[in-house]
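# Structure assessment
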Amino acid sequence: MDTVIIKIYGPSKFEFRNKTLFLPELSCRRYEDLSVTEIQSRNSSRSYLRKFLLHPKPSDEYIPRVEVFETLSKESNRIIYILKITFSAPKLLYWNSVQEVNENQKQKILSALKMALGSVGIIVEIEALENATLEAVHACKNISLPKTMRMREILAELGRMDISKAVDVTETQIKNGGRLLNFWSGTKEHCFYDKVSDSLKPKNKRSDKGRIDYEKAFIEQYKLQDREIFRYEYRLKKTQTTKSAVNALLNRKPDTQVVFKDLFVPDLLKNMILSSWHKLIERPENQLSLFGKIDRLKLLLHIFSEAKKQGEKAHSMNNAFISYGIATAILDNGAKELRGVVYEGWNKDHPERLTKKMKIASDLTSGLPYSNNIAFIDTALGKFELISLASIQNGI
C-alpha cells in the first residue's frame with residue numbers, strides 16, 4: 001500500500017481549529033447564507049460550491065494533502081462539507097516508500113494519520129478515519145533485484161507484451177532511460193519502475209513526487225544508490241473503480257460501500273497486485289512474449305510434442321508449423337509488433353482469427369518456462385515478502 005485517498009462527509013465528523021491554514025481561508029456557512037444562484041446550482045453538473053486547500057506551515061512532520069469541499073445536498077436544504085485526505089502510508093510512518101507497510105499496521109497508520117492531521121488543527125477521530133469512504137488506492141510491491149539482473153532488461157521484456165489486449169490501454173509511456181514503464185487504462189494505471197533511481201531524480205522527472213529529500217537521505221544512509229528495486233504499482237484512481245475492485249476481491253456485492261479499513265483485510269492488497277499482474281502476463285500472446293531463450297529447433301520439437309497429443313493428423317501438423325512461426329515472430333519482435341504487421345500485410349478483418357491462432361500457439365508452447373527475469377518477478381510477487389528496515393539493514 002502506498003497512496004491512499006479517503007473522504008469524510010461532515011461537518012459533524014471533523015473539526016477545524018486553525019482555518020487560516022487553508023487557501024482561501026476556510027469558512028463554514030448555513031443554507032440560509034447561500035445565494036439564489038448557488039441554490040439553483042443543485043440541479044447542475046457542478047460538483048461543489050467552494051474548495052479549500054490546506055497550506056501548512058513548513059514543518060519536519062509529514063502532512064497529508066487536505067482539501068475541503070463545500071457541497072449542496074440534493075435531497076435536503078443543507079450544506080455538506082467533505083474532507084478529502086491524500087497520503088502515502090509508508091511515508092506517513094517512515095518518510096520513504098522503500099520500506100513497505102502491510103495490513104498488520106492498521107492501528108499504527110490510523111494513529112499516525114490522526115496525529116498528522118491534528119498537528120495542523122484538523123480534529124478527526126480514528127473511527128471516522130477507518131470508516132472514511134475510499135476513493136483511490138495505489139497497491140504496490142517493491143522487489144530488490146540481484147546484481148545479475150537489470151531493470152532495463154525486465155522492462156524491455158514487459159514492453160514486448162501486447163498490453164492493449166490484456167487491458168483497455170489509453171496511453172503508454174516508456175522513459176527515464178528505460179527504467180519506467182507506464183500504461184493507463186481509464187481510471188486504472190499500471191506502473192513499473194526502479195524505485196532507487198526514481199528517488200534520486202529531480203522531482204519533475206520522478207514517478208513518485210512526494211517528500212524527495214527524506215527519501216534520498218534514506219537511500220544514501222543505507223547505501224542503496226547502486227541497488228535496483230523493481231517496483232510495481234497498480235493504481236485505482238476513482239471511487240467506482242476502487243469499489244468494484246475491492247468488492248470483487250472480498251466477494252461482496254458490487255455496490256457495497258468500500259471504506260478505508262477494508263484495505264487492512266488480510267491479503268487484500270497482495271491479491272490485488274497478483275490478480276492485476278497475472279491478467280497481464282497470462283494472455284496467450286503475452287505468454288509467448290515472456291518465455292525464456294530457447295534453441296529454435298528445441299522450440300519446434302516441443303511444439304511437435306504438444307501437437308501430437310491432439311493426434312497425428314495433417315491439421316495438427318499445420319497448427320504446429322503455424323504456431324512455430326507465430327512463436328518465433330513474437331520472440332523476436334513482440335506480440336504487439338506481430339499483430340501490427342499481420343494487420344498491415346494482410347488485413348484487419350476478423351482479428352479474432354489471429355487471436356485464436358495465438359491461443360493455439362500458446363497452448364502448444366505450454367510447459368516452457370518464463371525468462372529468468374520474469375520468473376524471478378513472478379516468484380517474488382507470489383511470496384510478497386515485506387521490505388522492512390531490518391531487511392534493508394541485512395542487505396535486503
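Placed above this text is the structure.
Let me sum up the structure you'll find in this document. Since we're looking at a predicted model, the values are computed, not measured. (Residues numbered from 1 in each chain as written. Predicted model: local features only at pLDDT ≥ 70, side-chain atom pairs only at ≥ 80, totals over all residues. Heavy atoms only, no water.)

Assigned secondary structure in the protein consists of 16 helices and 12 strands. The principal-axis extents of the C-alpha atoms in the protein amount to approximately 80 × 55 × 35 Å. In the protein, which comprises 396 residues, the share counted as buried stands at 49%. Within the protein, counting contacts between residues at least 6 apart in sequence, those at least 24 apart form 70% of the total. Summed over all atoms, the accessible surface of the protein reaches about 20000 Å², with 50% contributed by carbon and sulfur. Of the charged side chains in the protein, 63 are positive and 48 negative, and the gap between their average positions amounts to 1 Å. (Helix = DSSP H or I, 4+ residues; strand = E, 2+ residues; numbered from the N terminus. Buried < 20%, exposed > 50% of the residue type's maximum accessible area, 1.4 Å probe, protein only. Contact = heavy atoms within 4.5 Å. Areas by Shrake-Rupley, 256 points an atom, 1.4 Å probe, with all protein chains shown as cover. Lys, Arg positive; Asp, Glu negative; His and termini not counted. Charge placed at Lys NZ, Arg CZ, Asp CG, Glu CD.)

It is worth spelling out unusual backbone geometry at this point. Cis geometry is adopted by the peptide bond preceding P11, which originates at G10 and carries an omega value of 20°. For P11, the position within the fold is in the loop between strand 1 (3-10) and strand 2 (14-16). With a phi angle near 55°, K223 is a residue other than glycine that sits in the positive phi range. Mapped onto the elements, K223 comes out in the loop between helix 7 (212-221) and strand 12 (229-236). Its relative accessible area of 66% is what places K223 among the exposed residues.

Turning our eyes to something else, we now look at the nonpolar core. If you look at the biggest cluster of nonpolar residues, it comprises 78 residues, and the most contacted ones within it are F87 and F230. Counting residues per element, this core draws most heavily on helix 9 (residues 268-281), which supplies 8 residues. Non-local contacts of F230, meaning those with residues more than four positions away in its chain, are made with K141, N142, I143, L145, M151, I154, L155, L158, F192, Y193 and I377. L299, Y343, L354 and A361 belong to the second largest nonpolar core, which has 18 residues in total. (Core = buried A, V, L, I, M, F, W, Y, C linked by side-chain atoms within 4.5 Å.)

Turning our attention to the pattern of salt bridges. Taken as a whole and assessed by the stated rule, the structure comprises 22 salt bridges. We note a salt bridge from D33 to R30, for which the minimum N-O separation is 3.6 Å. Judged by relative accessible area, which is 55%, R30 ranks as exposed. Across the pair K359 and D363 runs a salt bridge whose closest N-O atoms are separated by 2.9 Å. One end of the pair, K359, and the other, D363, are both in helix 14 (residues 351-364), 4 residues apart, so they sit about a helical turn from each other. For K359, a relative accessible area of 39% puts it in the partly exposed group. Take D363: its relative accessible area is 37%, and that puts it in the partly exposed class. Taken together, the salt bridges that share partners define one network made up of D2, E189, R231, E233, R235 and K237. (Salt bridge = Lys/Arg side-chain N within 4 Å of Asp/Glu carboxyl O.)

This brings us to the environment of R231. Topologically, R231 is positioned in strand 12. Residue classification places R231 among the buried positions, given a relative accessible area of 1%. Considering only alpha carbons, one finds R231 and C140, 91 residues apart in sequence, at a separation of 7.0 Å. The contacts of R231, once residues within four sequence positions are left out, are D2, S97, C140, K141, N142, M151, C191, F192, Y193 and K195. At a separation of 2.5 Å, a polar atom in the side chain of R231 contacts the side chain of D2. Side chain to side chain, R231 and E233 meet in a polar contact 2.7 Å long. (Polar contact = N/O pair within 3.5 Å; in protein donor to acceptor, adjacent residues only side chain to side chain.)

Turning next to the packing of helix 5 (residues 151-158) against helix 15 (residues 372-383). As a packed pair, helix 5 and helix 15 sit with axes 9 Å apart at the nearest point and diverge in direction by 95°. In terms of axis orientation, helix 5 runs roughly perpendicular to helix 15. In this structure, helix 5 uses E153, I154, E157 and L158 to contact helix 15, whose residues at the interface are N373, I374 and I377. Of the residues in the contact of helix 5 with helix 15, the class split is 4 nonpolar, 1 polar and 2 charged. (Axes fitted to C-alpha atoms, helices over the stretch in contact; angles between N-to-C directions. Parallel < 35°, antiparallel > 145°, perpendicular 65-115°, else oblique. Nonpolar A, V, L, I, M, F, W, Y, C, P; charged D, E, K, R; others polar.)

Our next topic: the packing of aromatic side chains. In total, this model carries 14 aromatic pairs according to the counting rule given. Residues F192 and Y232 carry aromatic rings whose centres are separated by 4.6 Å and whose planes lie at 5° to one another, so their mutual orientation is stacked. With F192 in strand 11 (residues 188-194) and Y232 in strand 12, this residue pair connects regions lying 40 residues apart in the sequence. Grouping residues by exposure puts F192 and Y232 together as buried. Taking the centre distance of 5.3 Å and the plane angle of 70° together, the rings of F260 and F264 count as edge-to-face. The exposure classification of F260 matches that of F264, with both residues buried. Taken together through their ring pairs, the aromatic side chains of F183, F192, F230, Y232 and W277 make up a single cluster. (Phe/Tyr/Trp six-rings, centres within 6.5 Å; stacked < 30°, edge-to-face > 60°.)

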